[in-house]
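What the coordinates show
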Amino acid sequence: MGDLYALDFDGVLCDSVGETAISCVKAAKLRWPELFATVDSSLEDWFADQMRILWPVVETRYETLLIVRLLLEIKNPSLRTSSVPNGLTVEGILESWFDILPVVM
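Computed from a predicted structure; not experimentally measured.

Conventions used here
- Residues numbered from 1 in each chain as written.
- Predicted model: local features only at pLDDT ≥ 70, side-chain atom pairs only at ≥ 80, totals over all residues.
- Heavy atoms only, no water.
- Helix = DSSP H or I, 4+ residues; strand = E, 2+ residues; numbered from the N terminus.
- Buried < 20%, exposed > 50% of the residue type's maximum accessible area, 1.4 Å probe, protein only.
- Areas by Shrake-Rupley, 256 points an atom, 1.4 Å probe, with all protein chains shown as cover.
- Lys, Arg positive; Asp, Glu negative; His and termini not counted.
- Charge placed at Lys NZ, Arg CZ, Asp CG, Glu CD.
- Axes fitted to C-alpha atoms, helices over the stretch in contact; angles between N-to-C directions.
- Left-handed = near helix turned anticlockwise from the far one by under 90°.
- Contact = heavy atoms within 4.5 Å.
- Salt bridge = Lys/Arg side-chain N within 4 Å of Asp/Glu carboxyl O.
- Core = buried A, V, L, I, M, F, W, Y, C linked by side-chain atoms within 4.5 Å.

**Here's the deal with the overall build of the protein chain**
Check the secondary structure of the protein chain and you find five helices and zero strands. Reading the protein chain from its N terminus to its C terminus gives the helix and strand order α-α-α-α-α. Counting only C-alpha atoms, the protein chain reaches 55 × 30 × 20 Å along its principal axes. Expressed as a percentage of the 105 residues in the protein chain, the buried residues total 41%. Accessible surface, the protein chain as shown: approximately 6700 Å² in total, 56% of it carbon and sulfur. Separation of charge centres in the protein chain, based on 8 positive and 16 negative side chains, amounts to 8 Å.

**Looking at the packing of helix α3 (residues 41-54) against helix α5 (residues 90-104)**
Running from amino to carboxyl end, α3 crosses α5 at an angle of 35°, the nearest separation of the two axes being 10 Å. As α3 packs across α5, the resulting crossing turns out to be right-handed. Residues Q50, I53 and L54 of α3 form the contact with α5, whose own contacting residues are V90, I93 and L94.

**Description of the pattern of salt bridges**
Per the counting criterion, the structure on display carries two salt bridges. The shortest N-O distance in the salt bridge between E44 and K29 comes to 3.0 Å. Separated by 15 residues along the polypeptide, E44 in helix α3 and K29 in helix α1 (residues 17-31) bring together distant segments of the chain. For R69, the salt bridge goes to E73, with nearest N and O atoms at 3.2 Å. Remark: E73 and R69 occur in helix α4 (residues 62-75); sequence separation between them is four residues, near one turn of the helix. Judged on exposure class, the residue R69 and its partner E73 are both buried.

**A look at the nonpolar core**
The biggest cluster of nonpolar side chains holds 33 residues, and the ones touching the most others in it are F36, F47 and W97. Within the residue set of this core, elements represented by two or more residues are α1, α2 (33-36), α3, α4 and α5. If we ignore the near neighbours within four places in the chain, the residues touching F36 are A28, K29, F47, V68, R69 and L72.

See the structure below:
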């Protein structure tokens, strides 16, 4: 039997940010249906755009579901239920993700 090599070319040969963001929105709609009920395609596109900015902080894919939830709270503060302080921004997530992650877990 020959050797098996597993290579990760995401970001080199392919770009999965958009697909990951859309998959996370679908999962979020199942996990939090009452919060994501009004999410339409334009908001899904916004999530994908913001995820592209936040992609450098993602270490494992489950984090993207948490990020999408925070992005919804940023876009619509009245839906905020997390323990993250008011006024969170995309830039704030980018700068402080490793401090925010244990809070939203």
